[in-house]
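Inside the fold
If you want the building blocks of each chain, they are given just below.
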Amino acid sequence: MNIIKFAVGDLLELKKPHPCGTNKMRVARVGSDIRILCEGCGRDMTLPREKLEKAVRHILPAETEK
């Protein structure tokens, strides 16, 4: 089993949409539980890493500032 690497600022595309209609979430905190913010409505959620790894379709890395 591979552990997916999440970083603060990554944009996640989930398999199922949030009730507001968007399926894009931004990573706010990483650890055994991962805190994500909905890009559509701003809802703050904390999910266990295992559950989030199953729900992710794509990961867009955080943009690096120059």
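Our structure's up above, just so we're on the same page.
Notes on the structure in this doc start here. Source: prediction; values computed, not measured.

1. A look at the pairing of strand β4 (residues 44-48)
As defined by bridge partners, strand β3 (residues 33-38) adjoins β4 across five bridges and the pair is classed as antiparallel. Looking across to β4, one finds that D33 is bridged to P48. Turn length for the β3-β4 hairpin, with the two strands adjacent in sequence and antiparallel, is five residues, and the turn residue G42 shows positive phi of about 85°.

2. With respect to the pattern of salt bridges
Pairing is possible between side chains that carry opposite charge, provided their charged atoms lie close to one another. Applying the stated criterion across every chain yields a total of three salt bridges. When the shortest N-O distance is used, the salt bridge between E13 and K24 registers 3.8 Å. Here K24 lies in strand β2 (residues 24-29) and E13 lies in strand β1 (residues 11-14), a separation of 11 residues in the sequence. Taking the relative accessible area as the measure of exposure, E13 reaches 22% and is therefore partly exposed. A salt bridge links D44 to R35, with the nearest nitrogen and oxygen atoms 2.9 Å apart.

3. Observations concerning the environment of A7
Turning to its location among the elements, A7 is positioned in the segment before β1. Accessibility expressed as a relative area gives 35% for A7, which makes it partly exposed. Expressed as a C-alpha distance, the spacing of A7 and R29, which sit 22 residues apart in the sequence, is 7.8 Å.

4. Description of the nonpolar core
General note: in soluble globular proteins, nonpolar side chains tend to be found buried as a group. F6, L12, L14, M25, V27, I34, I36, C38, M45, L52 and V56 form the largest nonpolar core, which has 11 residues in total. Elements that contribute at least two residues to this core include exactly β1, β2 and β3. If one sorts the elements of this core by residue count, β3 sits on top with three residues. The residues contacting I36, other than those within four sequence positions of it, are L12, M25, R26, V27, A28, R43, D44, M45, L47 and L52.

5. A word on the sheet that holds β1
The strand order across the open sheet built from five strands is β4-β3-β2-β1-β5, with neighbouring strands paired in antiparallel fashion. Two strands in the sheet have a free side with no partner beyond their single neighbour: β4 and β5 (56-60). Between one strand axis and the next, the sheet turns through 35° on average, direction left out of account. Inspection of the sheet shows β2 paired to β3 by four bridges, in the antiparallel sense. Paired with R29 across the strands is R35, a residue of β3.

Conventions used here
Residues numbered from 1 in each chain as written. Predicted model: local features only at pLDDT ≥ 70, side-chain atom pairs only at ≥ 80, totals over all residues. Heavy atoms only, no water. Pairing = 2+ DSSP bridges. Helix = DSSP H or I, 4+ residues; strand = E, 2+ residues; numbered from the N terminus. Salt bridge = Lys/Arg side-chain N within 4 Å of Asp/Glu carboxyl O. Buried < 20%, exposed > 50% of the residue type's maximum accessible area, 1.4 Å probe, protein only. Core = buried A, V, L, I, M, F, W, Y, C linked by side-chain atoms within 4.5 Å. Contact = heavy atoms within 4.5 Å. Axes fitted to C-alpha atoms, helices over the stretch in contact; angles between N-to-C directions.

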